[in-house]
Amino acid sequence: MNRQFRYFWLGCIVTSLSWAFVVYYSLSTQEPNTQPIPHEGYSNFHQRLRFHPKNPGFRHVDLDSPDFQERDERFHGRRRKDGIRNEVLNERNRPNKNDETDQGANDIGLIKNAKDQITREEGYHLYAFNQLISDRLGFHRAIPDTRHQLCTSKHYGPNLPPASIVVCFYNEAWSALLRTIHSVIDRTPKELLHEIVLVDDFSNLDHLKDKLEHYIDAHLPLVKLHRTTKREGLMRARTFGADHATGEVLVFLDSHCEVNRNWLEPLVSRIAEDKRHVVIPIIDIVSSDTFEYQASPLVRGGFNWGMHFRWDQIPEKDLKTKADYVNPVRSPTMAGGLFAIDREYFTYLGKYDQGMDVWGGENLEISFRIWQCGGTLEIIPCSRVGHIFRKRRPYGSPRGEDTMTKNSLRVAHVWMDDYKEYYFRVRPDAKIKAYGDISSRVELRKRLGCKPFKWYLDNVYPEQTLPDEQGHAPVAANQQIFAHPKHTPVKLGQLKHRESGMCVISTKEIHSKGALLKLGPCYDGRQKTSQVWTETDTHEFMLADLLCLDTEGSRRGRAFPRLMKCHFEKGSQEWKWMGEEHNHLYNAASGKCMAVITEEGEKYMSMEICSEDSNMEFEFVR
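Just so it is clear, the model here is predicted, and its values are computed rather than measured. (Residues numbered from 1 in each chain as written. Predicted model: local features only at pLDDT ≥ 70, side-chain atom pairs only at ≥ 80, totals over all residues. Heavy atoms only, no water.)

1. Focus on unusual backbone geometry
Most peptide bonds adopt trans geometry, and most residues besides glycine take a negative phi value. Backbone geometry places D417, a non-glycine residue, at a positive phi of 50°. Assignment of secondary structure puts D417 in the loop between α12 (403-415) and α13 (420-426). Residue classification places D417 among the partly exposed positions, given a relative accessible area of 28%. One non-glycine residue, D545, lies in positive phi territory at about 60°. Mapped onto the secondary structure, D545 falls in the loop between β19 (541-543) and β20 (547-555). (Helix = DSSP H or I, 4+ residues; strand = E, 2+ residues; numbered from the N terminus. Buried < 20%, exposed > 50% of the residue type's maximum accessible area, 1.4 Å probe, protein only.)

As structure tokens, this is what we get:
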């Protein structure tokens, strides 16, 4: 071979070997969590993909990895230093704003294409929450430690009873269900987690069939999947799950939860003290629109005479010392979705009323039964579990019947004695409705020697008030109407569209709820007040300090911003500046940006997929 070509081919071989070594070394030393997936979306406002390592705050990660544990410990180790500020309804224990749980969260709900839009819309239809964000979060994520500061110094004894976690589901979203299961596994001591009993109440979605079974077989040895042979409803499905459980303690969770740090130890420790203690965690809020995890205040359960659960303020007499904010709190009722009970005591008390159907009333029934039959119902403040609070139930009863009324009638006739007449003052129509055979539950009450309902009102819920002849009851004693905290203005002025030079105004009077928004001439002087917007420190946009910019308006198949009463709960009323020049108004609940469109000769505000288009550029002007 010619010497010239010999050296050429030798150089090619050496170069190829060098590149092969570089590629091999790069792949072999790559972090296990690092994959080329879009995290923060697109650079130049989403026209070019930007790739990042997986974010443990929002992606499917290995929580046993040293890197994640180090960051998790570092996050939870940073506690607020502003003292104990729990004033019943006002304590929030918000995490540090610089913590990893807030990083990259701004655009996780960003709709980038038609597929994203379909995922989001189908999710709201099927599950009543933002499936797009849920899927992007994955099965593991860091969440803020929302416990009171004193909880971190609490210690729980050895030999605590192991628990069976019972999770019933019906047509649940894949990501929400698996995140519930993985959060339990990730944040529960192995010695306390006996098993997870998963009960499928006759779901008909494909991903909950073979796909779920294969995933459990491959990844979740502690999970035992059981399926009902027909739609049973919450009460019978939970009883079915409890009958298959073998742990000393039963913990019932909904299928769209995320347990928090050290959540189980306080519950089983209290049960270990006395098997008659039935205990509830504080239920934190996971937004159905943005999936932001928010701390709930310390409140307790009550009920109104329409037989609906409500949250009540805790009497001041029960919160006199700092320790009272972390000690067990007696609660007249439970919300129902999340609680722990000794398994034998659950059976002794009569499990659930098997004559109840689907959903509704079971939480009051078991609450009354616990108290009247010798047990106690307590909220354990150092146990926190996040729960997706949906704005509607995405399913009804199989035959369309009013199960809430039927179930409430069973509660009233078995447990409330003559006080059931107060229910009928509120619901006179219920008197003639059927509620099935209650003889077995009446017999259960006699067998357990349960106390009368008057005893319950006198000793457990003396704050409850009685309705008048028209069914109207005054606010329960010692209850105060909760006022949202005042929000600090950070910007004040007119909201100007850059390209047109016009300002964003209401299509109606500034106090008209539901009004759409359009562009109009920017005013000076006295007329200007109707165009003044205030941006708050919690990202609301208020027009004339009256109504808030909201995203839940729609017309002709399009989404339009509108003015609504301020609820100060973020979601559809939370707006953030985005884009290279921070001139795009982005709403995470909708996943879109505010834009200007022309319709019937008017320039209206609309919600559109975010882009660099100049019709999305706005600014504050004084």
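2. What to know about the packing of α12 against helix α14 (residues 439-448)
Contact geometry for α12 and α14: axes closest at 10 Å, N-to-C directions at 40°. With respect to α14, the axis of α12 lies oblique. Seen from above, α12 lies across α14 with right-handed handedness. Residues R410, V414 and W415 of α12 touch α14, and the partners they reach there are R441, V442 and R445. Of the residues belonging to the contact of α12 with α14, the class tally is three nonpolar, no polar and three charged. (Axes fitted to C-alpha atoms, helices over the stretch in contact; angles between N-to-C directions. Parallel < 35°, antiparallel > 145°, perpendicular 65-115°, else oblique. Left-handed = near helix turned anticlockwise from the far one by under 90°. Contact = heavy atoms within 4.5 Å. Nonpolar A, V, L, I, M, F, W, Y, C, P; charged D, E, K, R; others polar.)

3. Some words on the environment of G471
Topologically, G471 is positioned in the loop between α15 (453-459) and β15 (489-497). With a relative accessible area of 16%, G471 lands in the buried category. C-alpha separation for the pair G471 and R427, spaced 44 residues apart in sequence, amounts to 8.1 Å. When sequence neighbours within four positions are dropped, the list of residues in contact with G471 reads R425 and V426.

4. Let's talk about the state of the cysteines
Throughout the structure, instances matching the rule amount to five disulfides. Each sulfur in the disulfide pair C503 and C522 lies 2.0 Å from the other. With the S-S dihedral at roughly 105°, the linkage between C503 and C522 falls on the right-handed side. With C503 in strand β16 (residues 503-506) and C522 in the loop between β17 (517-520) and β18 (532-536), the pair connects residues that are 19 residues apart, well separated along the chain. For C503, a relative accessible area of 0% translates into the label buried. Two residues, C548 and C566, share a disulfide whose sulfurs are 2.1 Å apart. Across the S-S bond linking C548 and C566, the dihedral sits near 100°, which makes this disulfide right-handed. Taken together, the residues C548 in strand β20 and C566 in the loop between β21 (558-564) and β22 (576-578) connect sequence positions 18 residues apart. Its relative accessible area of 0% is what places C548 among the buried residues. Counting only the cysteines that take part in disulfides, in the order they occur along the protein chain, gives the pairing 1-3, 2-4, 5-6, 7-8, 9-10. (Disulfide = S-S within 2.5 Å.)

Everything listed is a geometric property; what it means functionally is a separate question.
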